[in-house]
Amino acid sequence: MKPPMNRCMGEIPWFLVPRLGRFTSRHFEYGTPLPIGLTGRQLLLTDPEDVFHVLVGNAANYSKSRKLTDERVRQRVGGGLLGRQGTSHHERRRSLQPLYSQRAVESLVHLIEEQCRPLLENWSNGEPRDLSRDMGRLSQRILLTALFGPLTENQIVTLEQAIRRRREYTEQVYFSPLPRCESWPTRRRRLDREAQALFAQHVRQGLQDLSAGRPSGDLLRGMTQISVGDGQQLSEADICDEVLSLMSTGHETITEWLTWCWVLLEQHPDFARSWRTELLRLGPITGWLGSPPETAPLTHGLLDESLRLYPPTWLFARVPLQADCLPSGTHVRAGQNLLLCQYLMHRHPGFFPDPERFDPTRFHNPEAQRLVGRVYFPFGAGPHRCIGDKLARLETLVVLVTIAREFTFDRSGTEPVIPHPGLTLGVRGGYWVQPRRDKLE
Ligand code: HEM
């Protein structure tokens, strides 16, 4: 692959500093691992070949973050795919794969469009809305309906609260500098347990409905139909685990992706106009959804470039099982925490000229595929690459297109839009806009 420019310098933006360690040097050189925090025991990898080695080349030697796989933590994330490793991960992943195939996720298009309807009907011209909140509620409703089928407003509100409580607890555990905080009997922990019990109750009810021939969600039905290693079906407990795993992964990331797409469209009005012209030319979404990206170059350019600039998963970790030497020559110890930061790698100036510039044509070049897994990995790479990437892409595309066919947005306020690096990369303080009805015809 093309060698990066010599001595490409990078800078950690100020809003990432509290997350990456206050005692970390702000400036770094791509290619040299950056020690993180006061002790410097954690390393932030900045060499594309090191990233590839850890995620793909020698993936068997690297486990996920202890915050996902530690036995104490399993109670929180459950035994679902997200927290699995090794053979048990491989088998479970192979069984679940058909649920998230292109064909399977395309069957959800109608459901996604339907869930957009209430938003489109309720927005009124000029009324200020926090678009990130609206996208959050929408993506939660899509996931909940895909899982459990039609729900009453009351059920949705209770499940939304449960999702929020799980997220608050996870965030507390994830960013706590204190070891073993997982086992402390805090209020948040209690609320998280209650939230888990609520999901278990919905799974039980959904399974009873299915066996009595009553309708339930496509995803839940799909989970009852897959067979695991020895030909057996997933048990109720297994399904609960996978549902909890989905609740941690399957909507907040999409919320952030959608929000950043709207931000970029507002910041680049010429592109936004050309994009809407493309949508007008393409006609109803079902006519072109499965076509190659070249059919809708601006739509796919927007999706890829927004993920580059604002990757919803902006940081994750790997831990070597055995000591190893990385391609950059760095020696890593068994058990050492290695951080991989998409936000910084996606701005590598050796691979993305003028990296801060929004350029939705960057990925049109066939060479771009070679960046994947090295300097561009919004969905991770290797054996743990996101299993929901097709679902995420389809949902984001359908929601964007459905909304853009009927509305445009004017930004309320002039203050800069600042990323908020939580578990996912959101917008600080929400993203306030005024919807304007503007039907494409
Ligand atoms: C924009 C949306 C999304 C982004 C940016 C994203 C990102 C990621 C990343 C970076 C990983 C790899 C983590 C690692 O290697 O440690 C991952 C794994 C995973 N994602 Fe996603 N994800 C998204 C949407 C989804 C959706 C919709 C689902 C639900 C179907 C999902 C389910 C998962 C699961 C279960 C894993 C663990 C896979 C494994 O270990 O085999 N994600 N995701």
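Residues numbered from 1 in each chain as written. Predicted model: local features only at pLDDT ≥ 70, side-chain atom pairs only at ≥ 80, totals over all residues.

Here's the deal with the site of the ligand
Around the ligand, the surrounding shell holds 24 residues, and the nearest of these are Gly 250, Thr 253, Gly 380, Cys 386 and Gly 388. Listing elements by their share of the shell around the ligand, those giving two or more residues are helix 12 (236–249), helix 13 (252–267) and helix 17 (389–404). Partitioned by chemical class, the residues of the shell around the ligand number 14 nonpolar, eight polar and two charged. (Near = placed C-beta within 6 Å. Helix = DSSP H or I, 4+ residues; strand = E, 2+ residues; numbered from the N terminus. Nonpolar A, V, L, I, M, F, W, Y, C, P; charged D, E, K, R; others polar.)

Concerning helix 13
Between its first and last C-alpha, helix 13 extends 23 Å over 16 residues, near the 22 Å set by a 1.5 Å rise per residue. Within helix 13, 13 of the 16 residues are buried, which leaves it mostly tucked inside the rest of the structure. (Expected span 1.5 Å × (residues − 1). Buried ≥ 20, exposed ≤ 12 C-beta atoms within 10 Å, placed from the backbone.)

A look at the sheet that holds strand 9 (residues 315–320)
Taken in spatial order, the five strands make up an open sheet running 3-4-12-9-5, and their pairing is mixed. Unpaired on one side and paired on the other, strand 3 (34–36) and strand 5 (62–64) mark the two borders of the sheet. Within the sheet, the average angular offset between the axes of one strand and its neighbour, ignoring direction, is 35°. Sheet topology note: the strand 3/strand 4 (residues 42–45) ladder contains three bridges and is antiparallel. The residue bridging Pro 35 from the neighbouring strand is Leu 43, located in strand 4. (Pairing = 2+ DSSP bridges. Axes fitted to C-alpha atoms, helices over the stretch in contact; angles between N-to-C directions.)

Details of the environment of Arg 164
Inspection of the secondary structure puts Arg 164 in helix 9 (residues 153–175). Separated by 200 residues in the primary sequence, Arg 164 and His 364 have C-alpha atoms spaced 38 Å apart.

Structural notes on the environment of Glu 395
Here Glu 395 is to be found in helix 17. For Glu 395, a count of 27 C-beta atoms within 10 Å gives the class buried. Separated by 283 residues in the primary sequence, Glu 395 and Ile 112 have C-alpha atoms spaced 6.9 Å apart. Once residues within four sequence positions are removed from consideration, Glu 395 is found in contact with Ile 112, Ile 142 and Ile 254. (Contact = placed C-beta atoms within 7 Å.)

Remarks on helix 12
With 14 residues, helix 12 ought to run about 20 Å at 1.5 Å a step, and its terminal C-alpha atoms sit 20 Å apart, in line with that. Burial within helix 12 is extensive, with 11 of its 14 residues counted as buried. Restricting attention to buried positions, one finds in helix 12 the residues Ile 239, Cys 240, Asp 241, Glu 242, Val 243, Leu 244, Ser 245, Leu 246, Met 247, Ser 248 and Thr 249.

Observations concerning the packing of helix 8 (residues 131–148) against helix 11 (residues 218–225)
Remark: helix 8 packs on helix 11, axes separated minimally by 3 Å, with the N-to-C direction vectors making an angle of 45°. The orientation of helix 8 with respect to helix 11, classified from their angle, is oblique. Of the residues in helix 11, those touching helix 8 at Ala 146, Leu 147 and Phe 148 are Asp 218, Leu 219 and Leu 220. In the contact of helix 8 with helix 11, the residues fall into five nonpolar, no polar and one charged. (Parallel < 35°, antiparallel > 145°, perpendicular 65-115°, else oblique.)

A few points about the nonpolar core
The biggest cluster of nonpolar side chains holds 95 residues, and the ones touching the most others in it are Val 243, Leu 339 and Cys 341. Look past the residues within four positions of Leu 339 in its chain and what remains in contact with it is Ile 36, Gln 42, Leu 43, Leu 44, Leu 45, Leu 315 and Ala 317. (Core = buried A, V, L, I, M, F, W, Y, C linked by C-beta atoms within 7 Å.)

Topic: the sheet that holds strand 6 (residues 129–130)
Whenever strands of a sheet pair, they do so through backbone hydrogen bonds, lying parallel or antiparallel. Strand order in the open sheet formed by three strands is 6-16-13, with antiparallel pairing between adjacent strands. Whereas interior strands pair on both sides, the edge strands pair on one side only; in this sheet they are strand 6 and strand 13 (407–411). Of the pairings in the sheet, the one linking strand 13 to strand 16 (residues 432–437) comprises five bridges and is antiparallel in character. From the neighbouring strand, Thr 408 faces strand 16, where its bridge partner is Arg 436.

Concerning the pairing of strand 4
Linking strand 3 to strand 4, which pair antiparallel, is a turn of five residues; within it Gly 37 sits at a positive phi near 80°. When strand 4 meets strand 12 (residues 338–341), the two strands line up parallel, connected through three bridges. Paired with Leu 44 across the two strands is Leu 339, which belongs to strand 12.

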